[in-house]
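Overview (structure and organization)
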Amino acid sequence: MRKANGRSILFAVMIAIVLLLSKKANASRPYPWIHDSGAKIELHVGERVIASVPKEKVDIVLSCLNKLEKIFGQQRKSYDYYIKKCDNGTFVISYRNREDILTITPDLAKFHKSTPMILAGLWLTNIYEAHYGTWDVDKEGAPDDVTATWYGGPRWNGNRMANGETFYDWQLTAACNDVPLNSMVRLSNPGNKKSVIVKVTDRCGKDGMVDMSKLAADLLGITRRGISKVKMEVLYAPSH
């Protein structure tokens, strides 16, 4: 009992220190900070909740605070995040495929009544929304109506895409002819109000379409139907 109480006190002290330091969250630029909501610990960037964990897993969010602070401090218009799939069923959100940011284990996904892959996609979408919902990015007019499909599985995983990257259906990527490669676009499903932000990494069969990864389709709720009308909003488009 004493050991358990000691650990609880240690968690409380760690959280209190971070909450004290996180007053910087009120600065003009988005800043990562954590909030003790009682039942769980929430990771915020500015006003947006990025992720949440049970208190006993507070290290997951504490370990990424400095990393996210550096990334958001860059004030870039394009960010290279990736989702890595591990052998033990764990998924990891990494930056530039080198620095691990958030780790989603099966038990953490179970806490959220989700799967590690879906939770990784949700959290990465939250990170993207914190980037593109805050900075004054070059948006290319009103959202367009496009036909959405999806692809994935062993036939496609490991294939090289038009931008030189490797396709995996657990990434947030899409194929589209209507915007430059490496553009960042928000796809919204008017039917269920769900949205996801993806990187355009490949080309597809015809204009006016977006062919997205299975994870992106799962998050939009179009996987079973296979094809749907969605709104596409360009958040960033390379100038070359």
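In short, a report on the structure.

Calculation criteria
- Sequence positions are assigned chain by chain, starting from 1 and proceeding in written order.
- The model is predicted, so local features are restricted to residues of pLDDT at least 70 and side-chain atom pairs to those at 80 or more, both for listing and for counting; the totals for chains, interfaces and linings are taken over all residues.
- Hydrogens and water are ignored here; the side-chain numbers use all heavy atoms of the structure.
- Paired strands, as defined in this entry, are two strands with at least two bridges between them according to DSSP.
- A run of H or I in DSSP counts as a helix once it spans at least four residues, and a run of E counts as a strand once it spans at least two, with each numbered from the N terminus.
- Each axis is a line fitted through C-alpha atoms, and for a helix only the stretch in contact is used; angles between axes span 0 to 180 degrees, taken between their N-to-C directions.
- Working rule for contacts: check all heavy atoms of both residues, and any pair within 4.5 Å makes them a contact.
- The salt bridge criterion pairs a side-chain nitrogen of Lys or Arg with a carboxyl oxygen of Asp or Glu, the two atoms within 4 Å.
- Buried residues are those whose accessible area, probed at 1.4 Å on protein chains only, stays under 20% of the maximum for their type, while exposed residues exceed 50% and partly exposed ones sit between those limits.

Right, let's talk about the sheet that holds strand β3 (residues 48-54) for a bit. Pairing within the open sheet is antiparallel, and its three strands lie in the order β1-β2-β3. Edge positions in the open sheet fall to β1 (32-36) and β3, since each of these has one partner strand only. Strand after strand, the sheet turns through a mean of 25 degrees between neighbouring axes, direction not considered. Sheet topology places strand β2 (residues 40-45) next to β3; six bridges connect them, and they run antiparallel. The residue of β3 that forms the bridge with E42 is S52. Against the sheet, helix α3 (residues 65-73) makes contact with β1 and β2, and its axis sits at roughly 140 degrees relative to β1, the strand it touches most. This element, helix α5 (residues 116-132), spans β2 and β3 of the sheet and lies at about 150 degrees to β3.

Read across the sheet, three strands follow the order β4-β5-β6 without closing on themselves; strand pairing throughout is antiparallel. Of all strands in the sheet, those bounded by a partner on one side alone are β4 (81-85) and β6 (99-104). Averaged over all neighbouring strand pairs, the angle between strand axes comes to 25 degrees, with direction disregarded. Here five bridges tie strand β5 (residues 91-95) to β6, and the two strands are oriented antiparallel to one another. Each residue of the ladder has a partner; that of Y95, found in β6, is E99. Contacts from α3 reach β4, β5 and β6, with the element oriented near 125 degrees to β6.

Strand direction decides the pairing type here: β4 and β5, joined by five bridges, are antiparallel. Counted as the bridge partner of I83 is I93 from β5. Between β4 and β5, which follow one another and run antiparallel, lie five residues, and G89 among them has a positive phi close to 85 degrees.

The next thing to look at is the pattern of salt bridges. All chains considered together, the criterion is met by nine salt bridges. Put simply, D100 and K84 hold a salt bridge, and the shortest N to O gap is 2.7 Å. Within this pair, whereas D100 is found in strand β6, its partner K84 is found in strand β4, the two being separated by 16 residues in sequence. Between D145 and K231 there is a salt bridge whose closest N-O contact spans 2.8 Å. Within this pair, whereas D145 is found in strand β7 (residues 144-151), its partner K231 is found in strand β12 (residues 227-236), the two being separated by 86 residues in sequence. According to the relative accessible area criterion, D145 is exposed, its value standing at 55%. The structure contains a network of salt bridges with shared partners spanning D80, E165 and K199.

Moving on, we come to unusual backbone geometry. As a rule of thumb, non-glycine residues mostly have phi less than zero, and peptide bonds are mostly trans rather than cis. The phi dihedral of N182 is positive, around 75 degrees, even though this residue is not glycine. Tracing the backbone shows N182 in the loop between β8 (173-175) and β9 (184-189). Positive phi outside glycine occurs at K193, with the angle close to 65 degrees. Structurally, K193 can be placed in the loop between β9 and β10 (194-202). For K193, a relative accessible area of 74% translates into the label exposed.

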